[in-house]
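Below are the chains, spelled out letter by letter.
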Amino acid sequence: MFTGASNLAEGVDKTFILIFSIAFIFIVGITAFMIYTVIHFARKKGKPARQFTGSLKLEIIWTVIPLIIVMIIFHYGWKGFSAMRKVPADAMNVTAVGRMWKWEFDYGNGMKSAELVLPVNKAVRVALKSEDVNHSLFIPAFRVKEDVVPGYENYLWFIPTFVGEYEILCSEYCGLEHSSMLSKARILEQADYDKWFADFKAVAVKPEPSGYLLLRNTGCIACHSLDGTKLVGPSFKGLYGKERLVTSGKGQIKVTADDNYIRNSILDPDSQIVVGFNKGLMKSYKELLKEDDIKTIIEYFKTLKEDK
Ligand SMILES: [Cu+2]
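Calculation notes
- Residues numbered from 1 in each chain as written.
- Predicted model: local features only at pLDDT ≥ 70, side-chain atom pairs only at ≥ 80, totals over all residues.
- Heavy atoms only, no water.
- Core = buried A, V, L, I, M, F, W, Y, C linked by side-chain atoms within 4.5 Å.
- Buried < 20%, exposed > 50% of the residue type's maximum accessible area, 1.4 Å probe, protein only.
- Contact = heavy atoms within 4.5 Å.
- Pairing = 2+ DSSP bridges.
- Helix = DSSP H or I, 4+ residues; strand = E, 2+ residues; numbered from the N terminus.
- Donors = N, O, S within 2.8 Å, 3.2 Å for Na, K, Ca; no water.
- Tetrahedral: all angles 85-135°; square planar, octahedral: opposite > 155°, others 65-115°.

Quick look at the nonpolar core
One recurring pattern in soluble globular proteins is that nonpolar side chains are buried together. With 40 residues, the main nonpolar core has F105, Y107, L116, L137, F142 and F158 as its most contacted residues. Apart from residues lying up to four places away in sequence, F105 is in contact with V94, T95, A96, M111, K112, S113, A114, E115, L116, L137, I168 and S183. By size, the runner-up hydrophobic cluster in this structure holds 24 residues, among which are L239, I262, I266 and V274.

Right, here's the structure in full:
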């Protein structure tokens, strides 16, 4: 009856089915009672209306019955919820990092994976961190969902109970590409997991170029893609050294995207807007990026060639 793929699924499903059943009984009962009263108490000729004032018996019935119902819902809800907050001491640790618009799973020591790979039947505590805005890690098959909030460390835990592949979503609207902030949880047999982990460890994750980290941590790539996709602002791909048409104080002019142009676009974005994009969407990054940072970013741009 309970088809979730984690130890927490039964508690969630029981509560859901309970609330759903109560709601179903009430909607059928209320609708039937409504239809009955509409027909039975319709105004008829020669039948004077009767007035009623107060009924202690009725008051007690419709106070006590709902109280019992909500206490039953509370009981099951609390049982399911408290299990979700008690992490077993032997749980393994993974950190899920949310950023616009990708999940990253950090296994420690620089080992970062785009997918959450875990052994079956072993408890895992997933620490939740955001590097930009609010996200929410949602793995429907495991019946777990928790907010990922910048500046606040949240967590969730579970024991995956079936081998397989499961969807991971972001369920807190986090901007333009929110709906594509997807990943997979891959649950493997312990032996397969050990093999995966050994291979994963062997391919030492190479550090990302510092220019990229600057762009990511400053939030630039939320609006400027690195792969040519048109977002709020122009893509950084193939930008360096290219001619572009911009709207400036003097009308439309052609400029070359050299060091000066890039520096100026970071410090005073509205002074030259690439034709096809809008003014007033980007603030100056004067406070956030130092001269050295800008130089690093320019060097990184030089590596972002347009593929021929
Ligand atoms: Cu998100």
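Remarks on the sheet that holds strand 11 (residues 243-248)
Here we have three strands laid out as an open sheet, ordered 12-11-13, and antiparallel in their pairing. At either end of the open sheet lies a strand with only one pairing partner, and these are strand 12 (251-256) and strand 13 (273-274).

Description of the coordination of the copper ion
Around a metal, the ideal angle is 109.5 degrees if four donors adopt a tetrahedral arrangement and 90 or 180 degrees if six donors adopt an octahedral arrangement. Distances from the copper ion to its protein donors, H135 (ND1), C170 (SG), C174 (SG) and M181 (SD), fall at 2.0 to 2.6 Å. Its four donor atoms give the copper ion angles of 95 to 123 degrees at the centre, a pattern that matches the tetrahedral case. Here the donor residues of the copper ion are spaced in sequence according to H-x34-C-x3-C-x6-M.

Regarding unusual backbone geometry
Put simply, M100 and W101 share a cis peptide bond, and its omega is 0 degrees. Inspection of the secondary structure puts W101 in the loop between strand 1 (92-99) and strand 2 (102-106). At R143, a residue that is not glycine, the phi angle is positive and equals roughly 60 degrees. Relative to the assigned elements, R143 resides in the loop between strand 6 (135-139) and strand 7 (144-148). Its relative accessible area of 24% is what places R143 among the partly exposed residues.

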